[in-house]
Amino acid sequence: MKKLIILSNMKTNIFSSMFCESKGISKVRRGAMIEQINQILWGSENPQIKPELFKRWCQAEYGEDLYGIIISLAPDFTHEYAVLSFLYSVLATCKSFNDMLQISLDTGTLIDPTFGHSGQCLLNLLITGCMTPEVINGDFNLGGFIIRGITSQPDIGFLSIIEATMHCEVGWFLKNPAFPIWVIGSESHYTVLASTCRELVRKDEASSSQKASLTKAEIEFTSMCPAGDESGFFAIDRLPELLQKLNIVLSDTEYEDVKRELDPEELGLVLRNVFLNKFYPAEMAERRTVKIKFPLYHFNSLPLSNPEGRVNAIHGNAELVDPEEELQNPSLTAPNSEVTDMLRCLRTKWPTIRIQWNLENRSKYPSLH
(Lines give C-alpha, C1' and ligand atoms only; values in the text may rest on other atoms or scores of the structure.)
Protein backbone atom coordinates (compact mmCIF):
# COMPACT_ATOMS: atom_id res chain seq x y z
CA MET A 1 0.00 0.00 0.00
CA LYS A 2 1.32 3.41 -0.93
CA LYS A 3 0.59 6.44 1.20
CA LEU A 4 0.73 10.12 0.50
CA ILE A 5 1.44 12.37 3.47
CA ILE A 6 0.36 15.97 3.15
CA LEU A 7 2.08 18.72 5.12
CA SER A 8 0.18 21.98 5.10
CA ASN A 9 0.67 25.17 7.09
CA MET A 10 -1.76 27.92 6.10
CA LYS A 11 0.04 30.53 8.21
CA THR A 12 3.39 30.16 6.45
CA ASN A 13 2.02 28.84 3.14
CA ILE A 14 4.34 25.84 3.24
CA PHE A 15 3.08 22.69 1.58
CA SER A 16 4.82 19.34 1.42
CA SER A 17 3.94 15.86 0.20
CA MET A 18 5.76 12.64 0.94
CA PHE A 19 5.40 9.15 -0.48
CA CYS A 20 5.91 6.28 1.94
CA GLU A 21 5.92 2.51 1.51
CA SER A 22 5.53 1.75 5.21
CA LYS A 23 2.21 1.20 6.96
CA GLY A 24 2.65 4.40 8.88
CA ILE A 25 5.07 6.69 10.64
CA SER A 26 4.79 7.16 14.37
CA LYS A 27 4.53 10.65 15.80
CA VAL A 28 7.95 10.35 17.45
CA ARG A 29 9.64 9.08 14.30
CA ARG A 30 7.87 11.68 12.20
CA GLY A 31 9.06 14.43 14.51
CA ALA A 32 12.63 13.17 14.49
CA MET A 33 12.64 12.94 10.69
CA ILE A 34 11.40 16.50 10.19
CA GLU A 35 13.90 17.87 12.70
CA GLN A 36 16.72 16.00 10.95
CA ILE A 37 15.65 17.27 7.54
CA ASN A 38 15.46 20.82 8.89
CA GLN A 39 18.97 20.51 10.27
CA ILE A 40 20.64 19.10 7.16
CA LEU A 41 18.86 21.57 4.89
CA TRP A 42 19.19 24.79 6.80
CA GLY A 43 21.58 24.16 9.69
CA SER A 44 20.97 26.44 12.65
CA GLU A 45 19.07 28.91 10.44
CA ASN A 46 16.12 26.60 9.80
CA PRO A 47 12.42 27.50 9.60
CA GLN A 48 11.54 24.99 12.34
CA ILE A 49 8.87 23.14 10.37
CA LYS A 50 7.11 21.02 12.98
CA PRO A 51 5.86 17.44 12.59
CA GLU A 52 2.47 18.55 13.97
CA LEU A 53 1.89 20.21 10.60
CA PHE A 54 1.10 16.82 9.06
CA LYS A 55 -2.63 17.15 8.60
CA ARG A 56 -3.71 14.57 6.07
CA TRP A 57 -2.98 10.98 5.09
CA CYS A 58 -4.11 9.64 1.73
CA GLN A 59 -3.99 5.91 1.02
CA ALA A 60 -4.12 4.16 -2.33
CA GLU A 61 -4.09 0.46 -3.15
CA TYR A 62 -2.96 0.97 -6.74
CA GLY A 63 -0.74 3.35 -8.63
CA GLU A 64 -3.69 4.68 -10.64
CA ASP A 65 -5.45 5.74 -7.43
CA LEU A 66 -2.32 7.44 -6.15
CA TYR A 67 -1.99 9.25 -9.47
CA GLY A 68 -5.57 10.50 -9.11
CA ILE A 69 -4.81 11.85 -5.64
CA ILE A 70 -1.77 13.70 -6.93
CA ILE A 71 -3.77 15.23 -9.80
CA SER A 72 -6.40 16.42 -7.32
CA LEU A 73 -3.64 18.26 -5.46
CA ALA A 74 -2.37 20.02 -8.60
CA PRO A 75 -3.17 23.53 -7.30
CA ASP A 76 -0.97 22.89 -4.27
CA PHE A 77 1.89 21.71 -6.46
CA THR A 78 1.79 25.01 -8.36
CA HIS A 79 1.91 27.03 -5.16
CA GLU A 80 4.72 29.48 -4.48
CA TYR A 81 6.31 26.96 -2.11
CA ALA A 82 5.77 23.88 -4.28
CA VAL A 83 9.52 23.45 -4.80
CA LEU A 84 10.03 23.34 -1.05
CA SER A 85 7.24 20.78 -0.88
CA PHE A 86 8.97 18.60 -3.45
CA LEU A 87 12.30 18.97 -1.67
CA TYR A 88 10.97 17.68 1.65
CA SER A 89 9.27 14.83 -0.20
CA VAL A 90 12.52 13.72 -1.80
CA LEU A 91 14.51 13.84 1.41
CA ALA A 92 11.87 12.13 3.55
CA THR A 93 11.62 9.21 1.13
CA CYS A 94 15.32 8.91 0.32
CA LYS A 95 16.26 5.23 0.61
CA SER A 96 19.68 6.11 2.02
CA PHE A 97 18.37 8.53 4.65
CA ASN A 98 21.02 7.53 7.21
CA ASP A 99 23.77 7.98 4.63
CA MET A 100 22.33 11.39 3.84
CA LEU A 101 22.57 12.38 7.49
CA GLN A 102 26.22 11.32 7.63
CA ILE A 103 27.08 13.19 4.43
CA SER A 104 25.42 16.32 5.77
CA LEU A 105 27.63 16.11 8.85
CA ASP A 106 30.72 15.85 6.63
CA THR A 107 29.84 18.50 4.05
CA GLY A 108 27.55 20.92 5.90
CA THR A 109 23.98 21.85 5.00
CA LEU A 110 22.45 20.83 1.68
CA ILE A 111 21.39 24.43 0.98
CA ASP A 112 24.11 26.97 0.24
CA PRO A 113 23.95 29.48 3.12
CA THR A 114 25.19 32.36 0.93
CA PHE A 115 23.22 32.05 -2.31
CA GLY A 116 20.34 29.84 -1.17
CA HIS A 117 20.64 27.23 -3.93
CA SER A 118 21.14 23.50 -3.43
CA GLY A 119 24.61 22.14 -2.82
CA GLN A 120 26.18 19.47 -5.04
CA CYS A 121 24.96 16.67 -2.73
CA LEU A 122 21.34 17.67 -3.14
CA LEU A 123 21.67 18.34 -6.87
CA ASN A 124 23.21 14.90 -7.43
CA LEU A 125 20.40 13.30 -5.46
CA LEU A 126 17.77 15.06 -7.57
CA ILE A 127 19.24 14.26 -10.99
CA THR A 128 20.94 10.90 -10.35
CA GLY A 129 19.39 9.48 -7.18
CA CYS A 130 22.90 9.31 -5.70
CA MET A 131 23.64 11.32 -2.55
CA THR A 132 27.26 12.37 -3.02
CA PRO A 133 29.09 15.72 -3.10
CA GLU A 134 31.36 14.56 -5.95
CA VAL A 135 30.96 14.78 -9.74
CA ILE A 136 33.56 12.18 -10.75
CA ASN A 137 32.82 8.73 -12.16
CA GLY A 138 32.57 5.95 -9.59
CA ASP A 139 34.68 5.72 -6.45
CA PHE A 140 38.25 6.95 -6.15
CA ASN A 141 40.73 5.90 -3.47
CA LEU A 142 42.73 8.90 -2.31
CA GLY A 143 45.32 7.59 0.12
CA GLY A 144 42.84 5.32 1.86
CA PHE A 145 40.02 7.88 1.81
CA ILE A 146 37.24 6.77 -0.52
CA ILE A 147 35.71 9.53 -2.64
CA ARG A 148 32.30 8.40 -3.85
CA GLY A 149 31.17 9.68 -7.22
CA ILE A 150 28.43 8.98 -9.76
CA THR A 151 28.08 5.27 -10.57
CA SER A 152 25.69 5.19 -13.53
CA GLN A 153 24.42 7.26 -16.44
CA PRO A 154 21.66 9.67 -15.32
CA ASP A 155 18.74 10.88 -17.42
CA ILE A 156 19.78 14.52 -16.88
CA GLY A 157 23.38 15.70 -16.91
CA PHE A 158 25.49 18.37 -15.27
CA LEU A 159 28.14 20.82 -16.49
CA SER A 160 30.06 23.33 -14.40
CA ILE A 161 31.81 26.61 -15.07
CA ILE A 162 34.10 25.64 -12.19
CA GLU A 163 35.64 22.96 -14.43
CA ALA A 164 36.58 25.64 -16.95
CA THR A 165 38.74 27.22 -14.23
CA MET A 166 40.43 23.84 -13.57
CA HIS A 167 39.07 23.58 -10.02
CA CYS A 168 37.09 20.39 -10.61
CA GLU A 169 36.39 17.81 -13.29
CA VAL A 170 32.92 16.57 -14.15
CA GLY A 171 32.91 12.87 -15.00
CA TRP A 172 31.67 11.09 -18.12
CA PHE A 173 28.35 10.06 -16.60
CA LEU A 174 27.21 13.59 -15.77
CA LYS A 175 28.48 14.99 -19.07
CA ASN A 176 26.72 12.28 -21.07
CA PRO A 177 23.16 11.81 -19.79
CA ALA A 178 20.55 9.65 -21.48
CA PHE A 179 18.70 12.77 -22.68
CA PRO A 180 20.20 16.03 -24.04
CA ILE A 181 19.41 18.08 -20.93
CA TRP A 182 22.04 19.52 -18.61
CA VAL A 183 21.93 21.53 -15.40
CA ILE A 184 24.72 24.13 -15.58
CA GLY A 185 26.34 25.21 -12.35
CA SER A 186 28.02 28.57 -11.80
CA GLU A 187 29.45 30.02 -8.61
CA SER A 188 26.07 31.36 -7.49
CA HIS A 189 23.27 29.91 -9.60
CA TYR A 190 21.96 26.98 -11.66
CA THR A 191 20.58 27.25 -15.20
CA VAL A 192 19.38 24.67 -17.72
CA LEU A 193 20.68 23.76 -21.18
CA ALA A 194 18.79 21.49 -23.57
CA SER A 195 18.72 20.39 -27.19
CA THR A 196 16.29 18.60 -29.48
CA CYS A 197 19.18 16.71 -31.08
CA ARG A 198 19.11 13.21 -29.58
CA GLU A 199 22.31 12.31 -31.45
CA LEU A 200 24.22 14.36 -28.87
CA VAL A 201 23.75 11.64 -26.27
CA ARG A 202 23.83 7.89 -26.24
CA LYS A 203 22.53 5.45 -23.70
CA ASP A 204 24.98 3.33 -21.78
CA GLU A 205 23.88 0.00 -23.21
CA ALA A 206 25.77 -3.25 -22.99
CA SER A 207 27.33 -4.62 -26.15
CA SER A 208 25.66 -7.61 -27.76
CA SER A 209 29.03 -9.35 -27.89
CA GLN A 210 31.17 -10.47 -24.99
CA LYS A 211 33.40 -7.44 -25.43
CA ALA A 212 32.35 -4.43 -23.38
CA SER A 213 30.60 -1.52 -25.09
CA LEU A 214 32.37 1.58 -26.40
CA THR A 215 30.81 3.61 -23.59
CA LYS A 216 32.23 1.19 -21.03
CA ALA A 217 35.61 1.36 -22.76
CA GLU A 218 35.67 5.17 -22.53
CA ILE A 219 34.79 5.11 -18.85
CA GLU A 220 37.38 2.47 -17.99
CA PHE A 221 40.06 4.19 -20.08
CA THR A 222 39.49 7.46 -18.21
CA SER A 223 39.74 5.64 -14.89
CA MET A 224 43.18 4.36 -15.95
CA CYS A 225 44.50 7.84 -16.75
CA PRO A 226 46.64 9.61 -14.12
CA ALA A 227 44.37 10.60 -11.19
CA GLY A 228 41.38 9.56 -13.30
CA ASP A 229 41.58 12.75 -15.35
CA GLU A 230 40.96 13.49 -19.02
CA SER A 231 44.63 13.43 -20.05
CA GLY A 232 43.85 10.82 -22.69
CA PHE A 233 46.68 8.39 -22.00
CA PHE A 234 48.04 5.93 -19.46
CA ALA A 235 51.17 3.81 -19.01
CA ILE A 236 51.25 0.85 -21.37
CA ASP A 237 52.19 -1.45 -18.47
CA ARG A 238 48.54 -1.20 -17.38
CA LEU A 239 47.18 -2.30 -20.75
CA PRO A 240 46.47 -5.90 -19.59
CA GLU A 241 44.36 -4.50 -16.75
CA LEU A 242 42.21 -2.51 -19.17
CA LEU A 243 41.83 -5.41 -21.58
CA GLN A 244 40.63 -7.61 -18.74
CA LYS A 245 38.04 -5.04 -17.66
CA LEU A 246 36.71 -4.88 -21.22
CA ASN A 247 36.67 -8.67 -21.70
CA ILE A 248 39.13 -8.42 -24.59
CA VAL A 249 41.06 -11.70 -24.76
CA LEU A 250 44.34 -11.86 -26.69
CA SER A 251 46.97 -14.52 -27.10
CA ASP A 252 50.54 -13.68 -26.13
CA THR A 253 51.46 -13.12 -29.77
CA GLU A 254 48.39 -10.95 -30.39
CA TYR A 255 49.13 -8.92 -27.27
CA GLU A 256 52.69 -8.14 -28.40
CA ASP A 257 51.40 -7.11 -31.83
CA VAL A 258 48.79 -4.84 -30.23
CA LYS A 259 51.41 -3.23 -27.98
CA ARG A 260 53.57 -2.36 -30.99
CA GLU A 261 50.55 -1.01 -32.86
CA LEU A 262 49.35 1.12 -29.95
CA ASP A 263 52.82 2.43 -29.10
CA PRO A 264 54.90 2.34 -32.31
CA GLU A 265 57.40 4.90 -31.01
CA GLU A 266 57.85 2.98 -27.74
CA LEU A 267 56.98 5.94 -25.54
CA GLY A 268 55.38 3.65 -22.99
CA LEU A 269 51.95 5.27 -23.40
CA VAL A 270 48.53 4.23 -24.71
CA LEU A 271 46.52 7.06 -26.30
CA ARG A 272 42.73 7.12 -26.02
CA ASN A 273 41.75 7.52 -29.68
CA VAL A 274 44.39 5.07 -30.86
CA PHE A 275 43.08 2.43 -28.46
CA LEU A 276 39.40 3.03 -29.25
CA ASN A 277 39.98 3.05 -33.01
CA LYS A 278 41.86 -0.23 -32.71
CA PHE A 279 39.26 -2.17 -30.73
CA TYR A 280 36.06 -0.29 -31.69
CA PRO A 281 36.59 0.76 -35.33
CA ALA A 282 32.94 0.47 -36.42
CA GLU A 283 31.56 2.35 -33.41
CA MET A 284 34.14 5.12 -33.75
CA ALA A 285 33.45 5.47 -37.48
CA GLU A 286 29.72 5.73 -36.78
CA ARG A 287 30.33 8.37 -34.13
CA ARG A 288 32.25 10.52 -36.60
CA THR A 289 29.12 10.70 -38.74
CA VAL A 290 27.04 12.20 -35.92
CA LYS A 291 25.45 15.54 -36.77
CA ILE A 292 27.85 18.37 -35.97
CA LYS A 293 25.24 21.13 -36.11
CA PHE A 294 22.48 21.22 -33.53
CA PRO A 295 20.13 23.63 -31.71
CA LEU A 296 20.64 24.63 -28.09
CA TYR A 297 18.20 26.23 -25.66
CA HIS A 298 19.33 27.94 -22.47
CA PHE A 299 17.00 28.89 -19.63
CA ASN A 300 17.88 31.20 -16.74
CA SER A 301 15.02 31.74 -14.30
CA LEU A 302 16.41 34.92 -12.73
CA PRO A 303 14.63 38.04 -14.06
CA LEU A 304 17.78 40.14 -13.56
CA SER A 305 19.61 37.86 -16.00
CA ASN A 306 17.02 38.41 -18.73
CA PRO A 307 16.36 41.54 -20.84
CA GLU A 308 13.77 43.80 -19.20
CA GLY A 309 13.28 41.15 -16.53
CA ARG A 310 11.28 38.90 -18.87
CA VAL A 311 12.25 35.28 -18.30
CA ASN A 312 12.54 33.37 -21.58
CA ALA A 313 14.65 30.60 -23.01
CA ILE A 314 17.18 31.73 -25.60
CA HIS A 315 17.84 29.70 -28.75
CA GLY A 316 21.22 29.16 -30.35
CA ASN A 317 22.67 27.21 -33.27
CA ALA A 318 25.76 25.24 -32.30
CA GLU A 319 28.46 23.67 -34.43
CA LEU A 320 31.26 21.28 -33.55
CA VAL A 321 34.30 22.29 -35.57
CA ASP A 322 36.91 19.85 -36.76
CA PRO A 323 39.86 20.00 -34.31
CA GLU A 324 42.36 20.59 -37.12
CA GLU A 325 40.33 23.54 -38.40
CA GLU A 326 40.18 24.91 -34.86
CA LEU A 327 43.98 24.72 -34.58
CA GLN A 328 44.52 26.34 -37.97
CA ASN A 329 41.99 29.12 -37.35
CA PRO A 330 41.83 29.73 -33.57
CA SER A 331 40.50 33.25 -34.05
CA LEU A 332 37.72 32.17 -36.40
CA THR A 333 34.53 32.77 -34.44
CA ALA A 334 30.92 32.55 -35.53
CA PRO A 335 28.78 35.69 -35.19
CA ASN A 336 27.27 36.18 -31.74
CA SER A 337 29.74 33.68 -30.29
CA GLU A 338 31.96 35.67 -27.96
CA VAL A 339 34.09 33.77 -25.46
CA THR A 340 31.74 34.07 -22.51
CA ASP A 341 31.42 32.00 -19.34
CA MET A 342 28.75 30.02 -21.17
CA LEU A 343 31.10 29.13 -24.02
CA ARG A 344 33.95 28.25 -21.66
CA CYS A 345 31.61 25.98 -19.72
CA LEU A 346 30.26 24.20 -22.81
CA ARG A 347 33.79 23.61 -24.07
CA THR A 348 34.42 21.36 -21.08
CA LYS A 349 32.16 18.90 -22.92
CA TRP A 350 32.53 20.01 -26.56
CA PRO A 351 36.07 21.51 -26.86
CA THR A 352 35.53 22.91 -30.37
CA ILE A 353 31.94 24.12 -30.05
CA ARG A 354 30.87 27.41 -31.61
CA ILE A 355 27.46 28.94 -31.00
CA GLN A 356 25.47 31.60 -32.78
CA TRP A 357 22.86 32.82 -30.33
CA ASN A 358 19.58 34.24 -31.60
CA LEU A 359 19.81 37.48 -29.67
CA GLU A 360 17.01 39.33 -31.52
CA ASN A 361 16.16 42.24 -29.22
CA ARG A 362 18.44 41.02 -26.45
CA SER A 363 21.32 43.27 -25.49
CA LYS A 364 23.39 40.57 -23.82
CA TYR A 365 24.42 36.97 -24.19
CA PRO A 366 22.95 34.11 -22.13
CA SER A 367 24.10 34.39 -18.55
CA LEU A 368 25.04 31.64 -16.11
CA HIS A 369 24.54 34.01 -13.19
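Refer to the structure presented above.
All values reported here derive from a predicted model rather than from experimental measurement. (Residues numbered from 1 in each chain as written. Predicted model: local features only at pLDDT ≥ 70, side-chain atom pairs only at ≥ 80, totals over all residues. Heavy atoms only, no water.)

Engineer: I'd like a description of the overall build of the chain, backed by residues and values.
Structural biologist: For the chain, the count of helices and strands is 15 helices and 13 strands. Within the chain, the proportion of its 369 residues that are buried is 43%. By sequence separation, contacts in the chain at least 24 residues apart represent 59% of the contacts at least 6 residues apart. Of the roughly 20500 Å² of accessible surface on the chain, 54% is carried by carbon and sulfur atoms. (Helix = DSSP H or I, 4+ residues; strand = E, 2+ residues; numbered from the N terminus. Buried < 20%, exposed > 50% of the residue type's maximum accessible area, 1.4 Å probe, protein only. Contact = heavy atoms within 4.5 Å. Areas by Shrake-Rupley, 256 points an atom, 1.4 Å probe, with all protein chains shown as cover.)

Engineer: Describe the pairing of strand β8 (residues 190–194), and please don't skip the residues or the numbers.
Structural biologist: In this structure, strand β7 (residues 181–185) lies alongside β8, joined through five bridges in antiparallel fashion. Counterpart to I181 in the pairing with β8 is A194. Where β7 hands over to β8, the hairpin turn is made up of four residues, counted between the paired strands. Strand direction decides the pairing type here: β8 and strand β11 (residues 293–299), joined by three bridges, are antiparallel. Its bridge partner being in β11, A194 is matched across the sheet by Y297. (Pairing = 2+ DSSP bridges.)

Engineer: So what's going on with the packing of aromatic side chains? Residues and values would help.
Structural biologist: Evaluated as defined, the whole model comprises six aromatic pairs. Ring plane angle 80° and centroid distance 5.9 Å describe the contact between W172 and F173, whose orientation is recorded as edge-to-face. For the pair shown, W172 and F173 are each scored as buried. Seen in terms of ring centroids, W182 and W350 are 5.4 Å apart; in terms of plane orientation they differ by 80°. Their pairing is edge-to-face. On the criterion of sequence distance, the pair formed by W182 in strand β7 and W350 in the loop between α15 (341–346) and β13 (353–357) is long-range, its members being 168 residues apart. Side by side, W182 and W350 carry an identical accessibility label, which is buried. (Phe/Tyr/Trp six-rings, centres within 6.5 Å; stacked < 30°, edge-to-face > 60°.)

Engineer: Provide a residue-level description of a nonpolar patch on the surface, including the pertinent values.
Structural biologist: Taken together, the side chains of I181, V192, F299 and V311 present a nonpolar region at the surface, about 260 Å² in accessible area. Topologically, V311 is positioned in the loop between β11 and β12 (314–320). (Patch = residues over 30% accessible without salt bridge, like charges linked within 9 Å, V, L, I, M, F, W, Y side chains within 5 Å. Salt bridge = Lys/Arg side-chain N within 4 Å of Asp/Glu carboxyl O.)

Engineer: Which residues make up the packing of helix α11 (residues 252–262) against helix α12 (residues 272–279), and what values go with them?
Structural biologist: Where α11 contacts α12, the two axes come as close as 10 Å, and the packing angle between them is 135°. Viewed along their axes, α11 and α12 adopt a mutual orientation that is oblique. The handedness of the crossing between α11 and α12 is right-handed. On the side of α11, the interface is formed by V258, E261 and L262, while α12 contributes V274, F275, K278 and F279. Here the residues of the contact of α11 with α12 sort into five nonpolar, no polar and two charged. (Axes fitted to C-alpha atoms, helices over the stretch in contact; angles between N-to-C directions. Parallel < 35°, antiparallel > 145°, perpendicular 65-115°, else oblique. Left-handed = near helix turned anticlockwise from the far one by under 90°. Nonpolar A, V, L, I, M, F, W, Y, C, P; charged D, E, K, R; others polar.)

Engineer: How would you explain the layout of surface pockets if you had to name every residue and give the values?
Structural biologist: The computed volume of the second largest pocket comes to approximately 780 Å³. When residues of the lining of the second largest pocket are traced back to their parent elements, those giving at least two are α4 (82–92), α6 (120–128), β7 and β8. (1 Å grid on protein atoms, 1.4 Å probe; cavity = no way out; pocket = protein on both sides within 12 Å on 5 of 7 lines; lining within 4 Å. Points joined across faces, edges and corners; volume = space filled by probe spheres on them.)

Engineer: How would you explain the pattern of salt bridges if you had to name every residue and give the values?
Structural biologist: In total, this model carries eight salt bridges according to the counting rule given. Residues K216 and E220 are paired through a salt bridge, measuring 2.7 Å at the closest nitrogen-oxygen approach. Here K216 and its partner E220 are both found in helix α9 (residues 214–224), four residues apart, which amounts to about one turn of the helix. R260 serves as the salt-bridge partner of D257, at 2.4 Å between the closest nitrogen and oxygen. One end of the pair is D257 and the other is R260, both in helix α11 and three residues apart, which spans about a single turn. The class for D257 is partly exposed, based on a relative accessible area of 38%. When salt bridges with common partners are traced through the structure, they connect K216, E220, R238, E241 and K245 into a single cluster.

Engineer: So what's going on with the sheet that holds strand β6 (residues 157–160)? Residues and values would help.
Structural biologist: Taken in spatial order, the six strands of this open sheet run β6-β7-β8-β11-β12-β13, and their pairing is mixed. Across the chains shown, the open sheet's two edge strands, defined by having one partner strand only, are β6 and β13. Going across the sheet, the axis of each strand differs from the next one's by a mean of 30°, ignoring polarity. Two strands pair when backbone bridges link them, and β6 and β7 are joined in this way by four bridges, in the parallel orientation. Across the sheet, S160 pairs through a bridge with G185, a residue of β7. Contacting β6, β7 and β8, α6 crosses the sheet at an angle of about 150° to β6.

Engineer: Describe the packing of α9 against α12, with residues and values.
Structural biologist: Running from N to C, α9 and α12 point in directions that differ by 150°, and their axes come no closer than 11 Å. What the angle tells us is that α9 and α12 run roughly antiparallel. Both α9 and α12 take part in a crossing whose hand is right-handed. Of the residues in α12, those in contact with L214, A217, E218, F221 and T222 of α9 are R272, F275 and L276. A per-class count over the contact of α9 with α12 returns five nonpolar, one polar and two charged.

Engineer: Go over the state of the cysteines, please, and point to the residues and values.
Structural biologist: The final tally for this structure, using the stated rule, is zero disulfides. No disulfide involves C121; its sulfur sits 9.0 Å from that of C130, the nearest cysteine. The exposure class of C121 is buried, given its relative accessible area of 5%. Looking at C168, it has no disulfide partner, and the nearest cysteine sulfur is the one in C345, 9.4 Å off. For C168, a relative accessible area of 27% puts it in the partly exposed group. (Disulfide = S-S within 2.5 Å.)

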